[in-house]
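A structural walkthrough
What follows is each chain in one-letter form.
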Amino acid sequence: LLATRMRQLESDGIVQRRLPVDQPSSTVLYELTDAGRELAGATIPLAVWGARHQMDDADVDREAFRAEWALGVLVAGSDAVVPDAEGVYEFHVDDSVACLHIRNGRMSVRTGPNATPADVVIRTTRKVVAAIAGQRTTIAEAIADGEVAADGDPAAATRFAAIVDERIFSRLRA
């Protein structure tokens, strides 16, 4: 079923398939095309609205969740460029792990831990991610409250917090 849906999205020009050079030969990655990023940008405000108005803490535990979905919010839209930023951010949410890669200012997400040490490793829970996505707290507040742990390069951790604030709060608050 998933393969059929991915082929349909590929034929519709929403995603493109590629074989990564740094992964096993059986690995296939799908990336959003420009049209896919445009569509993603239109759906993010709906997801934030749902997180803010339709999801309480009890709902979070009943919902499926993957770390790459949370990071996908950061890279969604046609403006997924972060000038003057480079780095690898490994993101652990409960038992799910994904990495945010920023190269030449362009963001991408990969499932699983990074093959080499990340600049920053972020650990939190799905409840905290839902609170951040629902704009009930900021990542800075969650770090200060001990609900998010950021281990690694302090400057890179500060950049990550700024990216989250910019991509979630500034862009989606309007």
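So, here's what we can say about the structure. (Residues numbered from 1 in each chain as written. Predicted model: local features only at pLDDT ≥ 70, side-chain atom pairs only at ≥ 80, totals over all residues. Heavy atoms only, no water.)

With that out of the way, let us pick up unusual backbone geometry. A positive phi is found at D94, a non-glycine position, where the angle reads about 50°. Residue position: D94 is located in the loop between β3 (87-93) and β4 (96-103). Positive phi, normally seen in glycine, also occurs at N104, with a value near 50°. With respect to the helices and strands, N104 occurs in the loop between β4 and β5 (106-111). (Helix = DSSP H or I, 4+ residues; strand = E, 2+ residues; numbered from the N terminus.)

Position of S96 relative to the elements: it lies in strand β4. Given the relative accessible area of 2%, S96 is considered buried. A polar side-chain atom of S96 sits 2.8 Å from the main-chain amide nitrogen of A67. Apart from the residues lying within four places of it in its own chain, the contact partners of S96 are F65, R66, A67, E68 and F91. (Buried < 20%, exposed > 50% of the residue type's maximum accessible area, 1.4 Å probe, protein only. Polar contact = N/O pair within 3.5 Å; in protein donor to acceptor, adjacent residues only side chain to side chain. Contact = heavy atoms within 4.5 Å.)

A few words now on the nonpolar core. The biggest cluster of nonpolar side chains holds 28 residues, and the ones touching the most others in it are Y89, F91, L100 and F160. For this core, the elements supplying multiple residues, two or more each, are α4 (67-75), β3, β4, β6 (120-124), α5 (126-133), α6 (139-144) and α7 (154-172). For this core, the element with the highest residue contribution is α7, accounting for six residues. Sequence-distant contacts of Y89, defined by excluding residues within four places in its chain, comprise A98, C99, L100, I102, V120, I122, A156, R159 and F160. (Core = buried A, V, L, I, M, F, W, Y, C linked by side-chain atoms within 4.5 Å.)

Using the criterion set out here, one finds two aromatic pairs in the structure. For the pair F91 and F160, a centre-to-centre distance of 6.1 Å together with 45° between the ring planes defines the contact as tilted. Taken together, the residues span a long stretch of sequence, with F91 in strand β3 and F160 in helix α7 at a distance of 69 residues. Using a relative accessible area of 8% as the deciding quantity, one classes F91 as buried. (Phe/Tyr/Trp six-rings, centres within 6.5 Å; stacked < 30°, edge-to-face > 60°.)

Taken as a whole and judged by the stated rule, the model has four salt bridges. In this structure, R18 and E31 form a salt bridge, with 2.7 Å as the shortest nitrogen-oxygen distance. Of the two residues, R18 sits in strand β1 (residues 15-18) while E31 sits in strand β2 (residues 29-32), which places them 13 residues apart along the sequence. Across the pair E68 and R66 runs a salt bridge, and its minimum N-O distance is 3.1 Å. (Salt bridge = Lys/Arg side-chain N within 4 Å of Asp/Glu carboxyl O.)

Quick look at the pairing of β5 now. Looking at chain direction, β4 and β5 are connected through six bridges and run antiparallel. Following the sheet pairing, H101 is matched in β5 by S108. (Pairing = 2+ DSSP bridges.)

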